[in-house]
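One letter stands for each residue in the lines below.
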Amino acid sequence: MTGIVKRSIVVAGHKTSISLEDAFWKALKDIAFERHASLSDLVASIDSNRQHGNLSSCIRLFVLDYYQARVTQQVMREDPVPTTR
């Protein structure tokens, strides 16, 4: 397992640093690619919707939410009508 790595990125025209594990950094880049967005634009979007907490934590939660939503969509496609047991 890799540790947290501090990376520099330009967000809304301002240089900032975020500290993320490699897995979160790769997932964030994959999401940006899938959305046809630049990494800076995706992070700016996450930052603009931030209610509280630091940017790195918000990015981790964004990535988690993104993949949880994908799992939920997959489950719904496989079994769209819940059954009672």
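Summary of the structure given here. (Residues numbered from 1 in each chain as written. Predicted model: local features only at pLDDT ≥ 70, side-chain atom pairs only at ≥ 80, totals over all residues. Heavy atoms only, no water.)

1. Quick look at the overall build of the protein chain
Assigned secondary structure in the protein chain consists of three helices and two strands. Element order for the protein chain, N to C, with α for helix and β for strand: β-β-α-α-α. Counting across all 85 residues of the protein chain, residues that qualify as buried make up 27%. In the protein chain, the proportion of contacts linking residues at least 24 apart, taken out of those at least 6 apart, comes to 41%. By element, 56% of the accessible surface of the protein chain is carried by carbon and sulfur atoms, the whole surface being about 6,300 Å². (Helix = DSSP H or I, 4+ residues; strand = E, 2+ residues; numbered from the N terminus. Buried < 20%, exposed > 50% of the residue type's maximum accessible area, 1.4 Å probe, protein only. Contact = heavy atoms within 4.5 Å. Areas by Shrake-Rupley, 256 points an atom, 1.4 Å probe, with all protein chains shown as cover.)

2. Quick notes on the pairing of strand β1 (residues 4-11)
Relative to strand β2 (residues 14-21), β1 runs antiparallel, the two sharing eight bridges. Counted as the bridge partner of V11 is H14 from β2. Between the antiparallel neighbours β1 and β2 lie two residues, among them A12 with a positive phi of about 55°. (Pairing = 2+ DSSP bridges.)

3. Focus on helix α2 (residues 39-48)
Those residues of α2 that fall on the buried side of the exposure criterion are L39, L42, V43 and I46. Looking straight down α2, one finds its buried side chains confined to an arc of 95°; they lie on one side. Facing away from the buried side of α2 by more than 90 degrees, the exposed set consists of D41 and S48. (Arc of directions from axis to C-beta.)

4. Here's the deal with the environment of A27
Looking at the secondary structure, you find A27 in helix α1 (residues 22-34). For A27, a relative accessible area of 10% gives the class buried. Along the chain, A27 and L64 lie 37 residues apart, while their C-alpha atoms are 9.4 Å from each other.

5. Focus: the environment of E34
Mapped onto the elements of the fold, E34 is located in helix α1. Not counting residues up to four positions away in its chain, the partners in contact with E34 are Y66 and R70. Separated by 3.3 Å, the side chains of E34 and R70 make a polar contact. (Polar contact = N/O pair within 3.5 Å; in protein donor to acceptor, adjacent residues only side chain to side chain.)

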